[in-house]
Amino acid sequence: MKKIILLLALFSLTIGNSQVFDPVKWSTSVEKISDTEYKLISKASIEPGWHLYSQDVPEGGPIATAFTFDEANGAFKSIGNTTEEEGHTVNDPIFEMKIKFFENKAAFEQKIEVLGDKKTVNATVEFMVCDDTRCLPPKEVDLVFNLPTLTKSEPKAVEEKPAITEAHSDTSSSESELKDVKTETGKPASNSGSKKGLWTIFFIAFLSGFAALLTPCVFPMIPMTVSFFTKQSKNKAAGIRNAIIYGVSIMVIYVLLGVIVSLIFGPDALNALSTNVWFNIAFFLLLIIFAVSFLGAFEIMLPNSWANKVDSQADRGGLVGIFFMALALAIVSFSCTGPIVGTLLVEAAAGGSQVGPIVGMLGFSLAIALPFALFAAFPGWLNSLPKSGGWLNTVKVVLGFLELALAFKFLSNADLVLQLHWLEREVFIAIWIAIFGALAFYLFGKIQLPHDSPLTHISVGRLCLGLLTLSFTIYMIPGLWGAPLNLISAFPPPQHYSESPYGVGFNKVGSGGSADNHIEVPEGAHLMPPHNILAFNDYDKGLAYAKKIGKPVMIDFTGHACVNCRKMEQNVWVKPKVLDILKNDVVLISLYVDDKRKLKASEVIDSKLRPGKKLKYIGQKWSELQTIKYKTNSQPFYVLMDHNEGNLIDPVAYTPDVDEYYTWLKAGVSKFK
């Protein structure tokens, strides 16, 4: 049975890797401006989950979209540059630059002036697209614009003609990938990624709602409110019904707040939050205010007149009265719930999803409302609730420390975008060590804040939380010397944004195998930094060397602009057991499918994928090799083969799991031996 499952898994892996993608379709249209001027419109229809890069990408980043209009015969001339829509801009930590991209659709416009009798305009567009796990080769597509013959009295007509596209690209594939972010950055998500992001927002908001319940403003309200419903209702069923209506009213109030935030900002503004400097600075200051409030410096309260007016409406009874009772709870408890709600809205909005704030408020309000309905249904449970006391203020203070730590994430985002290097990785980690260290001292009773009750002893729960916080603080200390800190990798700046990018005392050669087994670098090879892996960029020279020393070949279809390729190299290849194989057991051939160096005249050949086209660049050569031989055009893509160019094991694509990648390497090398 295990063998059958293994075979099915390998089959599905092979099918998943062997696929040629074509996620962008182009169409053209023309608008007549005057008798001699026209607007040429190129529209890209992008499949869900993929993103297309802007024309304006800084040097050293992914491949930009580029249009070339055939003006060779002098029948027309371009007016100005090709314009594009606003799109989305994110700060990419791998390329250390702001990168603009488009999702779902994009439109580009070029004005021209016709100088002669011209009926059609020919153009080409070169572009690259990526999704969450791969990027495709920079593809070149032919565009044809049919110029309409309109009179001034006619409305501007839009004539669309599908552009010529092929399932297989003749050009090279570069691989840049954006991930959320959120991570460290705002990253474009596929549909599944978006769903995961919303579920994460909901789950965090739900937990935050339970944390809000354990604050001095909310917790004492549970037995009071439940007792009111059970005593004022004619029977138990009516009490339960009223409590449920009360809970639903709480949810409606908070969800409406999420809807208002989404409507005020709109989708474009929300997508810009993750990289907008002023938004991030504003959020930093806002969270600092929330944190200081929770620590006891002051209380954030809504005007008392609001609470009095709402409370008077609650006496009306019926459904309206219950709703105003819920609204009164939201206003009275604002000093405790306000900072939590504000933080959730900030985090959800910064994720770039317009429904994020709504989902966040749904999760938060569900956690707040649930206890009222449950305790109304089972009043006996009230006896098991702990009594109110100083521990409620402790919960507020702990939340204040967490707010303070989170605030510096937004300040870090602003620093990364501006590239000021004021809050580099070591500084960020040092601040977090100080914050969580102070929290540990507080939990152990060594620090007291304004509203704390005298602490005569430490409860078991408080002691355990203190030990956990202290352990976390100690865990972060090696990060000052370059430790990756995988548990919090989404919060500090990336390791390259550091005073010491490789860590203090880091040996660039790495720890796998001997420092340099290759005393002399053979012709056509180089030592690949930062791990000093011997690598070839030429297929024939690499294969010849592998035959000479009797080792299998590992082909690495990669790209200079490939984010996931860099992530594999930085996070997987650096692990000792993987690095040992790459340095000692295989000959690595890295083929860059976005290599824009021209082929020698003797090497220029006809493309097998696009009849009538020539392979002009080195990257096109490797891209076509991958597409034809392995029936896929995405990177990264890894192949282990013998000296007869046969596969030792099924190729794999992006594999961030170290053990899985190591098992694949080991199996292929063992088969060769």
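Residues numbered from 1 in each chain as written. Predicted model: local features only at pLDDT ≥ 70, side-chain atom pairs only at ≥ 80, totals over all residues. Heavy atoms only, no water.

Q: What exactly am I supposed to notice about the sheet that holds strand β11 (residues 139-146) here?
A: Note on sheets: strands pair through backbone hydrogen bonds, and any given pair is parallel or antiparallel. The strand order across the open sheet formed by 3 strands is β4-β9-β11, and the pairing between neighbours is antiparallel. Where the open sheet ends on each side, the last strands, each with one partner, are β4 (66-69) and β11. Ignoring which end each strand starts from, the neighbouring axes of this sheet average 25° apart. (Pairing = 2+ DSSP bridges. Helix = DSSP H or I, 4+ residues; strand = E, 2+ residues; numbered from the N terminus. Axes fitted to C-alpha atoms, helices over the stretch in contact; angles between N-to-C directions.)

Q: Help me understand the pattern of salt bridges in this model?
A: Taken as a whole and judged by the stated rule, the model has 11 salt bridges. For the salt bridge of Asp35 with Lys32, the shortest nitrogen-to-oxygen distance reads 3.7 Å. The buried category is assigned to Lys32, whose relative accessible area is 12%. Close ionic contact of Lys77 with Glu113 constitutes a salt bridge, the shortest N to O distance being 3.8 Å. (Salt bridge = Lys/Arg side-chain N within 4 Å of Asp/Glu carboxyl O. Buried < 20%, exposed > 50% of the residue type's maximum accessible area, 1.4 Å probe, protein only.)

Q: Even after reading the chapter, I still don't get the sheet that holds strand β14 (residues 533-536), so can you show me in this structure?
A: With mixed pairing, the 5 strands of this open sheet are ordered in space as β13-β14-β16-β15-β19. Looking at which strands have only one partner, the edges of the open sheet turn out to be β13 (525-528) and β19 (637-641). Taking the axes of each pair of neighbouring strands and ignoring which way they run, one obtains an average angle of 35° across the sheet. Lying on the sheet, helix α13 (residues 539-549) is in contact with β14, β15 (553-558), β16 (587-592) and β19; it crosses β16 at an angle near 175°. In the packing of helix α17 (residues 658-672) onto the sheet, contacts are made with β15 and β19, and the angle to β19 comes to roughly 25°. (Contact = heavy atoms within 4.5 Å.)

Q: Hey, could you run me through the packing of helix α15 (residues 576-584) against α17 in this one?
A: Between two packed helices, both the angle of their axes relative to each other and the distance between the axes serve to describe the pair. For the pair α15 and α17, interaxial distance at closest approach is 9 Å and the crossing angle is 30°. As the angle between them shows, α15 and α17 are arranged roughly parallel. Considering the relative orientation of α15 and α17, their crossing is left-handed. Contact residues: α15 offers Lys577, Val578, Ile581 and Leu582, while α17 offers Val658, Asp659, Tyr661, Tyr662, Leu665, Lys666 and Val669. Looking at the contact of α15 with α17 residue by residue, the classes come out as 8 nonpolar, no polar and 3 charged. (Parallel < 35°, antiparallel > 145°, perpendicular 65-115°, else oblique. Left-handed = near helix turned anticlockwise from the far one by under 90°. Nonpolar A, V, L, I, M, F, W, Y, C, P; charged D, E, K, R; others polar.)

Q: Can you help me understand the environment of Ser459 in this one?
A: Looking at the element boundaries, Ser459 is found in the loop between α11 (425-443) and α12 (460-476). With 15 residues separating them in the primary sequence, Ser459 and Phe444 have C-alpha atoms 9.8 Å apart.

Q: Could you clarify how one ought to interpret unusual backbone geometry in this entry?
A: Peptide bonds are mostly trans, and most non-glycine residues show a negative phi. Residue Pro636 is reached from Gln635 by a cis peptide bond, and omega for that bond is 0°. Structurally, the position occupied by Pro636 is in the loop between α16 (618-630) and β19. For Asn104, which is not glycine, the phi torsion reads 70° and is therefore positive. Tracing the backbone shows Asn104 in the loop between β7 (97-103) and β8 (105-114). The backbone of Lys631 sits at a positive phi, close to 55°, despite the residue not being glycine. Within the secondary structure, Lys631 is located in the loop between α16 and β19. Among the residues examined, Lys631 registers a relative accessible area of 47% and is labelled partly exposed.

Q: Would you explain the nonpolar core in this entry?
A: Soluble globular proteins tend to bury their nonpolar side chains together. Within the largest apolar cluster, 29 residues are counted, with the highest numbers of intra-cluster contacts made by Tyr246, Ile250, Tyr254, Phe364, Ile368 and Phe372. For this core, the secondary-structure elements that each account for two or more residues are α2 (191-213), α4 (236-272), α7 (318-332), α8 (334-350), α9 (356-377) and α10 (390-418). (Core = buried A, V, L, I, M, F, W, Y, C linked by side-chain atoms within 4.5 Å.)

Q: In this structure, what is going on with α13? I would like to understand it.
A: Note on helix geometry: an α-helix contains 3.6 residues per turn, so any two residues three or four positions apart are oriented the same way. For α13, the set of buried residues is Tyr539, Gly542, Leu543, Tyr545 and Ala546. Relative to the axis of α13, the buried residues are bounded by an arc of 160° and lie together on one face. Within α13, the exposed residues directed more than 90 degrees away from the buried face are Asp540 and Lys548. Where α13 is buried, its residues contact β14, β15, β16, α16 and β19. Near the N-terminus of α13, the side chain that reaches the backbone nitrogen of Asp540, with its oxygen 3.1 Å away, is that of Asp538. At the C-terminal side of α13, Gly550 shows a positive phi close to 75°. (Arc of directions from axis to C-beta. Polar contact = N/O pair within 3.5 Å; in protein donor to acceptor, adjacent residues only side chain to side chain.)

Q: What am I meant to see in the pairing of strand β9 (residues 120-127) here?
A: For a regular strand, the rule is simple: side chains alternate between the two faces of the sheet. Relative to β9, β4 is paired through 4 bridges, and the arrangement is antiparallel. Note on β9: the bridge partner recorded for Phe67 is Val125. As judged from the 8 bridges shared by β9 and β11, these two strands associate in the antiparallel manner. Paired with Glu126 across the strands is Glu140, a residue of β11.

Q: What exactly am I supposed to notice about the confidence of the model for the chain here?
A: When pLDDT drops low, the exact placement of atoms in the prediction is not to be read closely. Overall, the predicted model of the chain reaches an average pLDDT of 76, with 72% of residues at or above 70. Throughout residues 1-17 the model reports pLDDT below 50, and contacts reaching past four residues in sequence, or to other chains, amount to 9 contacts. Low pLDDT, under 50, characterises residues 150-196; the stretch is placed with 176 contacts to residues that sit more than four places away or in other chains. (pLDDT = per-residue confidence, 0-100.)

Q: Looking at this structure, I do not really get the packing of aromatic side chains. What am I missing?
A: The relative placement of two aromatic rings is captured by the distance of their centres and the angle of their planes. Across all of its chains, the model carries 22 aromatic pairs by this definition. Taken together through their ring pairs, the aromatic side chains of Trp26, Phe67, Phe69, Phe102, Phe108, Phe127 and Phe145 make up a single cluster. Its guanidinium or amino end placed over the ring of Tyr442, Arg462 lies 5.0 Å from that ring's centre, counting from NZ or CZ. (Phe/Tyr/Trp six-rings, centres within 6.5 Å; stacked < 30°, edge-to-face > 60°. Lys NZ or Arg CZ within 6 Å of the ring centre and 35° of its normal.)

Q: Looking at this model, I keep getting lost on the pairing of β14. Mind explaining?
A: Taking every second residue as pointing to the same face, both faces of β14 are buried, with Ile533 and Ala535 on one and Leu534 and Phe536 on the other. Relative to β14, β13 runs antiparallel, the two sharing 4 bridges. Bridge pairing in β14 links His526 to Ala535. By the bridge criterion, 2 bridges tie β14 to β16 in an arrangement that is parallel. From the neighbouring strand, Ala535 faces β16, where its bridge partner is Leu588.

Q: Would you mind showing me how to read the side chain of Ser54 here?
A: Positionally, Ser54 belongs in the loop between β3 (51-53) and β4. Of the polar contacts made by the side chain of Ser54, one reaches the side chain of Glu84; its length is 2.4 Å. Every residue in contact with Ser54, bar those within four places of it in the chain, is listed here: Ala64, Thr65, Glu84, Lys100, Phe101 and Phe102.

Q: Explanation requested: α11 in the structure shown.
A: Its 19 residues place the ends of α11 27 Å apart at the C-alpha level, agreeing with the 27 Å of an ideal helix rising 1.5 Å per residue. Positive phi shows up at Gly445, right after α11, with a value of about 85°. (Expected span 1.5 Å × (residues − 1).)

Q: Can you help me understand the environment of Val259 in this one?
A: By the secondary structure assignment, Val259 is in helix α4. The class for Val259 is partly exposed, based on a relative accessible area of 27%. Taking the C-alpha atoms as reference, Val259 lies 8.9 Å from Met361; in sequence the two are 102 residues apart.

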